[in-house]
Amino acid sequence: MANEFEGACLCGKVQYMVKGPFLRFFLCHCSRCRRSSGSAHGANVFTRAANVTFTAGEDKVKRFDLPDAEQFARAFCTECGSPVPYLSRDKKVYVVAVGGLKDFEGRKVDAMVHWDSRSAWYDGALEAPRKTAADLANS
Ligand SMILES: [Zn+2]
Ligand SMILES: [Zn+2]
């Protein structure tokens with residue numbers, strides 16, 4: 001299994017390398033993750049602070065620490081808004097939005113967390129038809 005992965009934002013200005021060992025891989029259904037991702041859940045892997053290196057565009061990264069939250073934060077590219085890795089407030093761990101990594105296979109998903117906060121429509125989504133790009137092109 002590969003242990004090092006390239007990451008980038010959508011516009012490509014921010015680039016980074018992320019290494020394992022990966023401590024956890026969670027899909028988080030909490031309301032903060034849903035709202036800040038605009039999606040069903042956050043999808044984050046965690047790795048020690050020394051294992052993330054920005055190789056381009058670190059000056060384009062803006063960080064947001066949610067007031068009143070103990071830990072919750074975000075970091076994103078100021079050009080395109082894509083999430084990028086951010087350091088936990090105790091500076092021990094990087095939280096890495098796994099969708100930004102190329103061909104990630106460093107760890108299997110450990111758990112879907114805050115399952116009781118999942119969107120009302122999510123259970124139905126798991127049963128929706130699967131369509132490939134080819135299916136969509138032909139429909
Ligand atoms: Zn970008
Ligand atoms: Zn969450």
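Residues numbered from 1 in each chain as written. Chains lettered and ligands numbered in written order. Predicted model: local features only at pLDDT ≥ 70, side-chain atom pairs only at ≥ 80, totals over all residues.

Some thoughts on the environment of Leu126
Stage number 1. You can see Leu126 is positioned in helix α2 (residues 122–126).
Stage number 2. Residues Leu126 and Leu23 lie 103 residues apart in sequence; the distance between their C-alpha atoms is 26 Å. (Helix = DSSP H or I, 4+ residues; strand = E, 2+ residues; numbered from the N terminus.)

Observations concerning the nonpolar core
Stage number 1. Counting residues in hydrophobic clusters, the biggest one holds 18 residues, and the most contacted among them are Val84 and Val96.
Stage number 2. For this core, the element with the highest residue contribution is strand β9 (residues 93–97), accounting for four residues.
Stage number 3. Once you skip the residues sitting within four places of it in the chain, Val84 turns out to touch Cys9, Val14, Tyr16, Val61, Ala75, Phe76, Cys77 and Gly100. (Core = buried A, V, L, I, M, F, W, Y, C linked by C-beta atoms within 7 Å. Buried ≥ 20, exposed ≤ 12 C-beta atoms within 10 Å, placed from the backbone. Contact = placed C-beta atoms within 7 Å.)

Here's the deal with the sheet that holds β9
Stage number 1. Ordered in space as β8-β9-β4-β3-β10, the five strands form an open sheet in which the pairing is mixed. Pairing within the sheet leaves two strands with one partner each, and these edge strands are β8 (86–87) and β10 (111–113).
Stage number 2. Relative to β9, β8 runs antiparallel, the two sharing two bridges. Looking at the pairing, Tyr86 lines up with Val95 of β9. (Pairing = 2+ DSSP bridges.)

A short note on the environment of Glu58
Stage number 1. Tracing the sequence through the fold places Glu58 in the loop between β5 (52–56) and β6 (61–65).
Stage number 2. Separated by 43 residues in sequence, Glu58 and Gln15 have C-alpha atoms that sit 7.9 Å apart.

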